[in-house]
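Architecture and fold: a report
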Amino acid sequence: MIVAVLKETKQDETRVALTLDAVKALTGKGIGVTVESSAGVQSGASDADYELAGAKVSTNREELLATGDVFPVVNALPPDDQAKLKRGSVMIGFLRPLDDPEALDVAVKRGVTLFSMELVPRITRAQSMDALSSMATVAGYKAVIVAADHLPKLFPLLMTAAGTIPPAKVLVLGAGVAGLQAIATARRLGAVVEAYDVRAAAGEQVKSLGAKFIEVDLGGLQTEDKGGYAKELSPEALELGRQAIAKAAKTADVVITTAQVPGRRAPLMIPAAAVEEMRPGSIIFDLAAPAGGNCEVTKPGETIVYHGVIVFGPANLAAEMPVHASMLYSRNLSNFLQLILKTGELVIDRSDEIIAGSCVAHEGQVVNERVMAALKARA
Ligand code: NAD
């Protein structure tokens, strides 16, 4: 049994799938771990550190691909790598099966079992495997830090001999995991914070962090699905939100947007006209950029200036904090690995709700209904 940790190949990826603690835990149970040379360098783990943790380090990627049994990854291996995997091996990570299912074709056809960390059900037993929340926590924090760094103003209220400086005003759109972390971070830096979310339950959480919740009357509309996620809204309901947001954005120094609806394009919450009404020098930080963005002028993967407003559209913000992003992700992955490596051997029990929910493909077939639907919609 070989758990193989490869160096990530995606551009600008700095994270590694398994950090030292996870490797120690696996090798301590007698499970072999081989790490591709320099896989952990940007996350603070050298080849020598991995060796001390009990792993073998290899420079032979081809051999690792052909002999590995389990591949914990951050991003799906590229098709060329997938073509070298052996039948019955396992790849697990952020595989983006709903956004880009075709990118997994080669692995599916080769009979590789695929698990998506995005599809791990959000049930209590799986909380320790919730990698989306881990990355959202990192991103929510980092968004505020970057915005504060670029704002030509101070965040806190300051009373000085030269006069009083009012606190910065931060508006957070979407108060899920990333939004709540952004609110907490902006509050700690002394900003005055307002937030909006379609889920009424988010209101209490926003207030408990000392921020104001923007109430929008959606006429009793059901906005939440049974999994606790936001539903896609009607154009009318979205427009009501946009009006309230545009009003608050006019006086905001920083707007952090995080609103997403799983499996859909991110809702459009800030039209270009609302950006034009904002003060020059203010900032929009669009954390939904990878899903198309919450702001009309966001360019995913770029930072632009529009009518004097700096608009950030980061493609992979968690990768800008590789040490802690990798540490959290690795813990999530190793908790998942315990489900399939319970006995030290690979056992895939598809009657387990977490395994069934996150399994994308097994024995040459796509087995997840949402992924099947995504593939059908593209055919
Ligand atoms: P997400 O990343 O899918 O979305 C971020 C936020 O955007 C959500 O709060 C959502 O309500 C909001 N949103 C979507 N469309 C919107 C719109 N048109 N206008 C305003 N806001 C909009 O969500 P997330 O952060 O991953 O979490 C969503 C929910 O899941 C929360 O209730 C969270 O507490 C819950 N959750 C549960 C668990 C668990 O039980 N293990 C773990 C993490 C999150």
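Described in the following lines is the structure provided in the data block. Just so it is clear, the structure is predicted and the values come from calculations on it, not from any experiment.

Here is what the cut-offs are and how they apply
Residues numbered from 1 in each chain as written. Predicted model: local features only at pLDDT ≥ 70, side-chain atom pairs only at ≥ 80, totals over all residues. Heavy atoms only, no water. Patch = residues over 30% accessible without salt bridge, like charges linked within 9 Å, V, L, I, M, F, W, Y side chains within 5 Å. Areas by Shrake-Rupley, 256 points an atom, 1.4 Å probe, with all protein chains shown as cover. Salt bridge = Lys/Arg side-chain N within 4 Å of Asp/Glu carboxyl O. Helix = DSSP H or I, 4+ residues; strand = E, 2+ residues; numbered from the N terminus. Phe/Tyr/Trp six-rings, centres within 6.5 Å; stacked < 30°, edge-to-face > 60°. Buried < 20%, exposed > 50% of the residue type's maximum accessible area, 1.4 Å probe, protein only. Contact = heavy atoms within 4.5 Å. Core = buried A, V, L, I, M, F, W, Y, C linked by side-chain atoms within 4.5 Å. Pairing = 2+ DSSP bridges. Axes fitted to C-alpha atoms, helices over the stretch in contact; angles between N-to-C directions. Parallel < 35°, antiparallel > 145°, perpendicular 65-115°, else oblique. Nonpolar A, V, L, I, M, F, W, Y, C, P; charged D, E, K, R; others polar.

Topic: a nonpolar patch on the surface
Where nonpolar side chains cluster on the molecular surface, the patch consists of Y141, I145 and L189 and spans about 210 Å² of accessible area. With respect to the element layout, Y141 can be found in helix α6 (residues 131-150).

A closer look at the packing of aromatic side chains
Geometrically, a pair of aromatic rings is defined through the distance of the ring centres and the angle of the planes. Applying the stated rule across the entire model yields three aromatic pairs. Judged by centre distance (4.9 Å) and plane angle (20 degrees), the ring pair of F94 and Y329 falls under stacked. Taken together, the residues span a long stretch of sequence, with F94 in strand β5 (residues 90-94) and Y329 in helix α11 (residues 322-340) at a distance of 235 residues.

Side note on the environment of V146
Along the polypeptide, V146 turns up in helix α6. Judged by relative accessible area, which is 14%, V146 ranks as buried. Sequence-distant contacts of V146, defined by excluding residues within four places in its chain, comprise F285 and F312.

Examining the nonpolar core
By size, the foremost hydrophobic cluster in this structure holds 41 residues, and its most contacted members are L18 and Y329. Listed by contribution, the elements that provide at least two residues to this core are β1 (2-5), α1 (20-28), β2 (32-36), β4 (70-75), β5, α6, α11 and α12 (353-358). Looking at which element gives the most residues to this core, the answer is α11, with seven residues. When neighbours within four sequence positions are excluded, Y329 is seen to be in contact with V16, A17, V73, V74, I92, G93, F94, M117, A131 and M135. If you look at the next biggest cluster of nonpolar residues, it comprises 32 residues, including A139, V144, V146 and A191.

A look at the pairing of strand β10 (residues 192-196)
Counting buried residues in β10 gives four out of five residues, a clear majority hidden from the surface. In this sheet, β10 lies alongside strand β9 (residues 169-173) in parallel orientation, the contact comprising five bridges. Each residue of the ladder has a partner; that of L171, found in β10, is E194. Sheet topology places β10 next to strand β11 (residues 212-213); two bridges connect them, and they run parallel. The partner of A195 across the bridge, within β11, is F213.

Brief notes about the side chain of T34
Following the sequence through the fold, T34 ends up in strand β2. Given a relative accessible area of 12%, T34 falls into the buried group. Ignoring sequence-local partners within four residues, the contact set of T34 consists of I2, V3, A4, V5, K56, S58 and L64.

What to know about the pattern of salt bridges
What the rule picks out here adds up to 19 salt bridges. Here E239 makes a salt bridge to R242, at a shortest N to O gap of 2.8 Å. Residue E239 and its partner R242 are both found in helix α9 (residues 235-250); the two are separated by three residues, about one turn of the helix. Salt-bridge contacts for E277 lead to K250; the nearest nitrogen and oxygen are separated by 3.6 Å. In this pair, E277 is assigned in the loop between α10 (272-276) and β13 (283-286) and K250 in helix α9, connecting sequence segments 27 residues apart. Each of the salt bridges in this network shares a partner with another, and the network as a whole consists of E36, R61 and D81.

Focus: the packing of α6 against α11
Close contact between α6 and α11 brings their axes to 9 Å; oriented N to C, the two are set at 170 degrees. For the element pair α6 / α11, the angle class is roughly antiparallel. Contact residues: A131, S134, M135 and V138 in α6; A325, L328, Y329 and N332 in α11. Looking at the contact of α6 with α11 residue by residue, the classes come out as six nonpolar, two polar and no charged.

Some remarks on unusual backbone geometry
Unusually for a residue other than glycine, S38 sits at a positive phi of about 70 degrees. With respect to the secondary-structure elements, S38 resides in the loop between β2 and α2 (47-52). The backbone phi angle of R96 is positive, close to 50 degrees, even though this residue is not glycine. Along the chain, R96 falls in the loop between β5 and α5 (105-109). When its relative accessible area of 37% is taken as the criterion, R96 is described as partly exposed.

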